[in-house]
Amino acid sequence: MRGTWTPKLDEKSRLTLPAKYRTELTEEVTVVCEQERCLSVYSKEVLDSMMEPVNTAPSTLRNVREYQRWTQYRAEDANPDRQGRITITASQRAWAGLDRDVIVIGAGNRLEVWNPERWEAYSATLDDKFADFDGEIVPRS
């Protein structure tokens, strides 16, 4: 998923998903609180696939248990309505510092929902980091 949108949360804290991705996100989606204090909207299939290694790892490992808890306790499954809207919960809005105005960006396999001021500050660090970057993004295995 690619691009940037500036929708507004409505009075019921619903986010309208970008029209170009509604077909991809018409079935169940999951909204997850992510690092950098943003939210991610994944198709349920994509998130389940990403989480499979963590969810099948032994729960006797503390990091496994803690990461499962951290990613899942505020996660919310949602079915977009006919207008492509999903509800952002109060705890998710608090985590990401969201009010009415939001920035939605495409981030590969997900959409991210940001507080506009946080996105502006964070994206500036990305510009500084990658404008002249010539290294590896993903280490070779």
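Residues numbered from 1 in each chain as written. Predicted model: local features only at pLDDT ≥ 70, side-chain atom pairs only at ≥ 80, totals over all residues. Heavy atoms only, no water.

Caption draft 1: Examining the pairing of strand β3 (residues 29–33) more closely. Most of β3 is tucked away, with five of its five residues classed as buried. Neither face of β3 is exposed, since V29, V31 and C33 on one face and T30 and V32 on the opposite face are all buried. Relative to strand β4 (residues 39–43), β3 runs antiparallel, the two being bridged by five bridges. Residue pairing for β4: V29 is matched across the bridge by S43. Counting the residues that bridge the hairpin from β3 to β4 gives five residues, and of these E36 lies at a positive phi of roughly 65°. Of the strand pairs in this sheet, β3 and strand β5 (residues 76–78) are connected by three bridges, and their pairing is antiparallel. Bridging across to β5, T30 finds its partner in D77. (Buried < 20%, exposed > 50% of the residue type's maximum accessible area, 1.4 Å probe, protein only. Helix = DSSP H or I, 4+ residues; strand = E, 2+ residues; numbered from the N terminus. Pairing = 2+ DSSP bridges.)

Caption draft 2: Seen up close, helix α4 (residues 116–130). Between the first and last C-alpha of α4 there are 21 Å, a value that for 15 residues agrees with the 21 Å anticipated at 1.5 Å per step. With a side-chain oxygen lying 2.8 Å from the backbone nitrogen of E117, the N-terminal cap of α4 falls on N115. (Expected span 1.5 Å × (residues − 1). Polar contact = N/O pair within 3.5 Å; in protein donor to acceptor, adjacent residues only side chain to side chain.)

Caption draft 3: Structural view of the sheet that holds β3. Pairing within the open sheet is antiparallel, and its six strands lie in the order β1-β7-β8-β4-β3-β5. Two strands lie at the open edges of the sheet, namely β1 (4–5) and β5, each paired on one side alone. Packed on one face of the sheet, helix α1 (residues 44–56) meets β3, β4 and β5 and runs near 100° to β4. Contacts from α4 reach β7 (103–106) and β8 (111–114), with the element oriented near 110° to β8. (Contact = heavy atoms within 4.5 Å. Axes fitted to C-alpha atoms, helices over the stretch in contact; angles between N-to-C directions.)

Caption draft 4: Representation of the pairing of β7 within the structure. Summarising the sheet, β1 and β7 pair through two bridges and their orientation is antiparallel. By the bridge assignment, T4 is partnered in β7 with I105. Bridge analysis of β7 against β8 gives four bridges, and the strand direction is antiparallel. Note on β8: the bridge partner recorded for V104 is V113. Count of turn residues in the β7/β8 antiparallel hairpin: four residues, of which G108 carries a positive phi of about 80°.

Caption draft 5: Focus on the pattern of salt bridges. By the definition in use, this model includes six salt bridges. For the salt bridge of K8 with D101, the shortest nitrogen-to-oxygen distance reads 2.3 Å. With K8 in the loop between β1 and β2 (14–16) and D101 in the loop between α3 (90–96) and β7, this pair connects stretches of sequence that are 93 residues apart. A salt bridge links R110 to E112; the nearest nitrogen and oxygen atoms lie 3.0 Å apart. (Salt bridge = Lys/Arg side-chain N within 4 Å of Asp/Glu carboxyl O.)

Caption draft 6: Here's a closer look at the packing of α1 against helix α2 (residues 62–72). Relative to each other, α1 and α2 sit at 145°, their axes nearing to 9 Å. Residues M51, V54 and N55 of α1 form the contact with α2, whose participating residues are V64, Y67, Q68, T71 and Q72.

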